[in-house]
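So you can see what is in the structure, the chains are spelled out below.
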Amino acid sequence: MDRNTPPPAPPKKRLTIVDLALFSMVAALIFYAGYRVTDVLVYDWNWSRVLNFVVRFDDDTGRYVPNLLLYGLATTLRLAVWATILATIIGVTMGYWRTCDNLALRILSRGYVELIRNLPPVVFIFIFYFFISSQIFTALGVDDIDRHGPLVDNPVFSLLFGDPALFSNFLAGALVLALFEGAYITEIVRAGIQSVDKGQWEASRAIGLSPFNVLRDVILPQAVRKILPPLAGQFITLIKDSAIVSLISIQELTFLATEVASTTTKVFETWILVGMMYFVLCYSFALMFGWLERRAARSHR
Amino acid sequence: MLDQNPQPFVEIRGLCKWYGDFSALHDINLNVALGEKVVVCGPSGSGKSSLIRCINQLEAHQKGTIIVDGIEVTPDMKNKEKIRREVGMVFQSFNLFPHMTILANLTLGPMRNRGASKSEARELAMHYLNRVHIAEQADKYPAQLSGGQQQRVAIARSLCMKPKIMLFDEPTSALDPEMIAGVLDVMIELAEEGMTMVVVTHEMGFARRVADRVVFMDEGEIIEVAEPEPFFNTPQSERAKLFLSQLLGH
Ligand SMILES: Nc1ncnc2c1ncn2[C@@H]1O[C@H](COP(=O)(O)OP(=O)(O)O)[C@@H](O)[C@H]1O
Ligand SMILES: [Mg+2]
């Protein structure tokens with residue numbers, strides 16, 4: 001036999017009758033739900049009223065300007081970015097503490113993780129919110145920052161933190177979310193650190209690296225490659241979980257959507273639209289993380 | 001002859017080590033003079049690795065004293081870092097950093113600890129890569145090298161810290177037979193240049209050629225210390241006789 005002939009092509013994957021039947025059943029269900037809503041429910045669909053809350057026509061300037069839902073989306077995005085950054089810092093620190101030799105640090109980080117994992121998120125958020133905003137923020141003076149000071153009253157601040165008038169509201173939301181998600185990231189980081197071969201610790205210690213350098217130069221780069229997929233999943237969970245801070249009146253997408261739904265009474269349109277916004281947001285992040293993962297895999301030979 | 005050196009480079013007195021309740025090392029006394037080559041052998045689980053890992057404090061000991069180059073070894077972090085810069089170590093499983101090129105594996109230590117600039121560290125690394133006959137692989141990643149090449153890189157990585165003593169923990173045990181000679185050659189060259197070495201190995205040819213003394217361990221104790229020829233030809237203890245017969249038996 002000639003060894004240079006190419007290998008036989010693998011069999012093609014085709015949809016079978018059973019698959020098609022399954023698809024038709026799903027389609028039938030969707031049609032039926034649509035039929036119930038239009039014919040039985042007698043619901044008066046009005047998309048333009050809700051879309052008005054995405055962008056509205058401003059009579060004074062004669063231009064379209066963003067409205068509540070778009071503001072909410074922007075706040076959700078900011079919330080997600082800041083909470084992700086903070087949660088990563090918390091998670092890496094606590095995750096390292098979970099694995100280190102110091103007993104006090106191990107107890108502290110373990111306590112943090114167990115506390116958060118064993119409380120319903122809503123309960124934790126209420127307790128912490130009323131503690132942070134009523135005690136700590138007042139003590140720190142966050143509530144009475146100068147809204148017209150040069151540090152606050154500029155476009156960069158608005159881009160990073162949104163409306164200065166709502167700054168302490170935003171900060172509370174970001175903090176509470178970061179603390180909450182940080183516990184889950186802690187566990188992911190711990191698993192990542194522990195998955196690095198013991199020999200890597202020994203070899204880096206044996207050439208005299210300090211504990212910080214061992215972690216930064218040798219352990220974390222290897223851990224990160226392993227934990228990138230669960231980490232990406234957790235970041236996307238964070239975006240979705242951010243909806244829960246609407247309960248403490250953080251002016252993000254879900255909170256404003258509740259308001260829009262009640263003022264317009266267009267419940268279906270509002271929540272379908274908001275659902276699509278969350279989907280686009282989360283799916284874009286998922287695609288971005290997928291790209292990052294492939295890049296990391298390429299550089300690691 | 002070297003035993004009479006008044007100032008041993010490594011001095012181990014009354015060393016005891018436990019893992020939990022398990023006594024892994026019991027009352028170890030051993031001196032290593034500057035320039036001396038000591039081969040440590042003994043059955044698996046006899047405490048050879050534990051002994052040399054106590055010297056650079058990869059494992060903490062609970063009793064006794066270890067003095068390296070006049071510094072007493074303690075669990076204090078600063079002290080450990082200081083000791084580890086004088087003591088190089090080569091592992092059975094190489095333990096190269098897989099996410100870095102060969103060159104980066106070698107330059108990391110000098111850049112972080114000795115304040116070497118990038119170009120200085122690079123020059124140093126290339127010097128040692130040349131000495132282990134592997135300079136042309138500098139830009140590859142560890143996984144692209146054979147086991148023998150990886151172990152030679154690991155030796156070069158340790159040498160980049162300019163250690164005064166090198167510890168080897170069964171450096172050839174994880175290698176395919178055809179790779180062993182290349183690594184042993186590098187170690188013999190290093191010995192001939194006068195490096196102080198403590199080598200855990202069962203390579204009798206290497207021990208005969210290089211060792212000043214052979215230390216035989218069993219069950220956490222030093223049973224016998226002798227020059228290689230008398231040790232291999234006429235071992236004194238029953239346990240050493242049994243061990244050597246098993247070693248040659250297969
Ligand atoms: N980290 C550890 N925890 C518990 N027991 C250990 C550990 N390391 C080694 N031991 C035990 O200590 C004894 C000596 O081990 P070691 O020094 O590795 O022996 P050797 O290198 O001669 O094979 C063995 O019985 C081993 O099982
Ligand atoms: Mg061993």
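Read on for a plain summary of the structure. A quick note: this is a predicted structure, and the numbers were derived from the prediction, not measured. Each chain carries its own residue numbering, running from 1 in the written order of its sequence. Here the convention is simple: chains get letters from A, ligands get numbers from 1, in the order in which they are written. Local features in this predicted model are restricted to residues of pLDDT 70 or higher, and side-chain atom pairs are both shown and tallied only at a pLDDT of 80 or more, whereas totals for entire chains, interfaces and linings draw on every residue. Processing note: side-chain calculations cover all non-hydrogen atoms of the structure and skip hydrogens and water entirely.

The subject of this paragraph is the overall build of chain B. Where helices and strands are cited, they refer to DSSP runs of H or I of at least four residues and of E of at least two residues respectively, numbered from the N terminus. Within chain B, the secondary structure is distributed over nine helices and 10 strands. Just to be clear, the radius of gyration here is over C-alpha atoms, and the globule rule we use is 2.2 Å times residues to the power 0.38. Whereas a compact globule of 250 residues would reach a radius of gyration of roughly 18 Å, chain B reaches 18 Å, a difference of no more than 12%. The dimensions of chain B, computed from C-alpha atoms along their principal axes, are 55 × 45 × 35 Å. Out of the 250 residues belonging to chain B, those deemed buried represent 56%. Burial classes follow relative accessibility: with a 1.4 Å probe on protein chains only, a residue under 20% of its type's maximum area counts as buried, one over 50% as exposed, and anything between as partly exposed.

Residue and element names in this part refer to chain B. At least two bridges found by DSSP between two strands are what make those strands a pair. The pairing of strand S1 (residues 10-19) with strand S2 (residues 22-32) spans seven bridges and is antiparallel. Each bridged residue has a counterpart across the sheet, and for lysine 17 the counterpart in S2 is leucine 25. Hairpin connection of S1 to S2: two residues between the antiparallel strands, including glycine 20 at a positive phi of 65°.

Attention shifts here to the pairing of strand S9 (residues 213-218) of chain B. Residue and element names in this part refer to chain B. For S9, the buried fraction is high: six of the six residues fall into the buried class. In S9, alternate side chains face the same way, and those of Arg213, Val215 and Met217 on one face and Val214, Phe216 and Asp218 on the other are all buried. Sheet topology places strand S3 (residues 37-41) next to S9; four bridges connect them, and they run parallel. By the bridge assignment for S9, valine 38 is matched with arginine 213. Pairing geometry for S9 and strand S10 (residues 221-226), over five bridges, is antiparallel.

It is worth spelling out the interface of chain A and chain B at this point. Each partner contributes residues to the interface: chain A has 23 residues there, and chain B has 25 residues. Counting each side, the surface lost to burial between chain A and chain B is near 2,000 Å², with a carbon and sulfur contribution of 58%. For this document, the term salt bridge refers to a Lys or Arg side-chain nitrogen within 4 Å of an Asp or Glu carboxyl oxygen. Between the two partners, chain A and chain B, sit two salt bridges. Of the charged contacts, one joins glutamate 202 of chain A and arginine 53 of chain B as a salt bridge, the two residues approaching to 2.5 Å between their closest N and O atoms. The greatest single-element share of the side of chain A that touches chain B, amounting to eight residues, is contributed by helix H9 (residues 211-241) of chain A. In terms of residue class, the side of chain A that touches chain B is made up of seven nonpolar, nine polar and seven charged. When checking whether two residues touch, look at their non-hydrogen atoms; a contact exists if any pair is within 4.5 Å. A 1.4 Å probe defines the accessible area here, and the buried area is the portion of it lost by two parts on being joined, summed over both. Three classes are used, and their members are as follows: Ala, Val, Leu, Ile, Met, Phe, Trp, Tyr, Cys and Pro are nonpolar, Asp, Glu, Lys and Arg are charged, and the others, Gly among them, are polar.

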